[in-house]
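# Topology and contacts: notes
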Amino acid sequence: MRIPSPSAPSDGDGVSDNTWWRSAVIYQIYIRSFADGNGDGVGDVAGIRARLPYVVDLGVDAIWINPWYPSPMADAGYDVADYRDIEPVFGTLAEAEALIREAHDVGLRVLLDIVPNHTSDQHPWFCAALADGPDSPMRDRYVFRDGRGINGDEPPNDWQSRFGGPAWRRVTSADGTRGQWYLHLFAPEQPDLDWENPEVRADFERTLRFWFDRGVDGFRIDVAHSLIKEAGLPDVGDERWPAARIELDGRLVRPPWHPHPHWDRDDVHDIYRAWRKIADSYQPPRVFVSEAWVDEPARLVRYVRSDEVHTTFNFNYLTSPWTAADLREAIDETLQEHASVGAPATWVLANHDVAREVSRYARAQRRTLEPSLSLLLSSGADFDLGLRRARAAALLTLALPGSAYVYQGQELGLPEVEDLPEEALRDPTWERSGHTDRGRDGCRVPIPWSGGRPDYGFGPAGSTAEPWLPQPRGWAPLSVAAQTGRPGSMLELYRAALRIRRRHPALGDGAMTWLDLPPTVLGFRREPGFACVVNFGPDPITLADVASAWPGHLAARMLLSSEPLSAEAVVPSDAAVWWDSSDRSDPASPE
């Protein structure tokens, strides 16, 4: 079956349909927690289909759906047992195909998640590898090795799992005999594939075509930097990766880059060149976005060279503290390095793996390599301040050149749920860390749709099932129903910003120029006639301050602000404002 992709209108901005991804805003759907269509307490395909009008009304260009494949759910679907079907809890393949068609009918493109580093331990390949013993050709598709030490009782090397503990598990035969070890850089239920094996590469290419033929417009590539391992699997030793930043002259700087035996290996790019050829063979061409936690910008943009993936998540921006200096550095580095390969930047504030930005910004600001709940809990929080900063961050992000992602609930201003009961925690990090790291469940709690029921409208009318993760009391004011039409709500701020972004010719892909403003303020202009100003300092700034840095634009009109402005057009602390000085019709007005 081959379902065509949409040929969505370009809204008069002259952007080719084939380059839609350079300016797109993509909405991330964590399927378990978006909407429950059948009343069992778990989000599903039916829930997405029912809520498509909401996504369209928000004003985004595409949706990205986290893994929906058959899975034992050891890691929330990132342990895939079959890449070419749908997990029964989520629905059927026929329902998925219907969703793709319906999304295209309303002008939304659809991206899926692909998980190439590892499979589930219930995947038929791995089951055969265990059942058939050490000589099984299926073991060549994974990373099996003999152990070190007496009787092979020690792991083959010192590699550590991202979820805690050694990255190796030893196989025990049915007769109790201890055998080889297999590699799992994540959970033990997620054995790593050996991407030097041509059968692995060929099968994933078949998977790409399977979904492309069904109309899927692209893929987000999970841990895209991890597929290739150094020959011989040498010890990591005392090196740390991602490399910890070091303090120098009062600033955190990167240490010199050095190769790592299983992250960001040069040979991984050959895989994505082959994938790009497949994507380009379709009309319209399909697209990829990589999840590559690579701290060095010059290394990161190697993934978005013209013959590899199209975009890559910008985690340096996500992990930057809420200060003008840190964010300007992240923005400058990103734009400079992406320009060197002709790729657009991709901006992201949140996703299903990191603590929500409202809660991050509510704390004292410091740079972290991967914002987590365990780090948040070590300091006090001012959630009103966090929400205020998150509102300003939304306008900053959507004004920057390139594409952007919005994680479900981000547009509602949801905070991290920091007090989930221990018995409710599902993230494997909780168990693997010996109950010291609560993991990522706090950003995965089902979102609230309305305030009239205990599940906040997560399930269908009449449903009595409890959501798979408990929702906090007091979320009714944050629900979609409560925020819709309410002036000043986070949801209406996002809707207005996305409406302006779609209509204003200065926004999306392109260039920007910094304005000369005080060091606690970030301001930039984009042509024609657009400026964004964000005040990070304690003192307000005025339109006159902006006009002095933007000559000839004193009569600029305010398009949108994250906080109410005074009659003197004073921009308060932790607020952002969009201005327009063009002579075109008001891009802020409803279409």
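Residues numbered from 1 in each chain as written. Predicted model: local features only at pLDDT ≥ 70, side-chain atom pairs only at ≥ 80, totals over all residues. Heavy atoms only, no water.

## Here's the deal with the pairing of strand 16 (residues 530-535)
- With 6 of 6 residues buried, strand 16 lies mostly within the body of the structure.
- By the alternation rule, side chains of strand 16 split into Phe-530, Cys-532 and Val-534 and Ala-531, Val-533 and Asn-535, which are all buried.
- Connecting strand 15 (residues 521-526) to the antiparallel partner strand 16 that follows it, the hairpin turn spans 3 residues, and Gly-529 within it adopts a positive phi of roughly 65°. (Buried < 20%, exposed > 50% of the residue type's maximum accessible area, 1.4 Å probe, protein only. Helix = DSSP H or I, 4+ residues; strand = E, 2+ residues; numbered from the N terminus. Pairing = 2+ DSSP bridges.)

## Quick look at the environment of Ala-576
- As for its placement among the helices and strands, Ala-576 is situated in strand 18 (residues 575-580).
- Once the C-alpha coordinates of Ala-576 and Gly-523 are considered, the two residues, 53 residues apart in sequence, prove to be 9.3 Å apart.

## Observations concerning the pattern of salt bridges
- Counting across every chain of the model gives 36 salt bridges.
- Note that Asp-266 and Arg-302 form a salt bridge whose closest N and O atoms lie 3.0 Å from each other. Of this pair, Asp-266 sits in the loop between strand 9 (251-253) and helix 6 (268-280) while Arg-302 sits in the loop between helix 7 (297-300) and strand 11 (311-312); the two residues are 36 residues apart in sequence, bridging distant segments of the chain.
- For Asp-266, a relative accessible area of 42% puts it in the partly exposed group.
- Each member of the salt-bridge network shares a partner with another, and the members are Asp-75, Asp-353, Asp-427, Arg-440 and Arg-444. (Salt bridge = Lys/Arg side-chain N within 4 Å of Asp/Glu carboxyl O.)

## Description of the confidence of the model for the protein chain
- For the protein chain, the mean per-residue pLDDT works out to 91, and 91% of the residues sit at or above 70.
- Note that pLDDT drops below 50 for residues 7-15; the model gives that stretch 7 contacts with residues more than four away or on any other chain. (pLDDT = per-residue confidence, 0-100. Contact = heavy atoms within 4.5 Å.)

## A few points about the sheet that holds strand 5 (residues 168-172)
- Spatial strand order, 4-6-5: 3 strands in an open sheet with antiparallel pairing. Two strands in the sheet have a free side with no partner beyond their single neighbour: strand 4 (144-145) and strand 5.
- Here 4 bridges tie strand 5 to strand 6 (residues 178-183), and the two strands are oriented antiparallel to one another. By the bridge assignment, Arg-169 is partnered in strand 6 with Tyr-182.

## Some words on the packing of aromatic side chains
- In this structure the tally under the stated criterion is 31 aromatic pairs.
- Ring plane angle 45° and centroid distance 6.4 Å describe the contact between Tyr-272 and Tyr-303, whose orientation is recorded as tilted. On the criterion of sequence distance, the pair formed by Tyr-272 in helix 6 and Tyr-303 in the loop between helix 7 and strand 11 is long-range, its members being 31 residues apart.
- When its relative accessible area of 1% is taken as the criterion, Tyr-272 is described as buried.
- By relative accessible area, which is 0% here, Tyr-303 ends up buried.
- Summarising the aromatic geometry, the rings of Trp-275 and Phe-288 are spaced 5.8 Å apart at their centres and angled 40° between planes, so their arrangement reads as tilted. Note that Trp-275 is positioned in helix 6 and Phe-288 in strand 10 (residues 287-290), a separation of 13 residues in sequence.
- Geometry around Trp-125 places Arg-141 over its ring, the cationic atom sitting 4.4 Å from the centre. (Phe/Tyr/Trp six-rings, centres within 6.5 Å; stacked < 30°, edge-to-face > 60°. Lys NZ or Arg CZ within 6 Å of the ring centre and 35° of its normal.)

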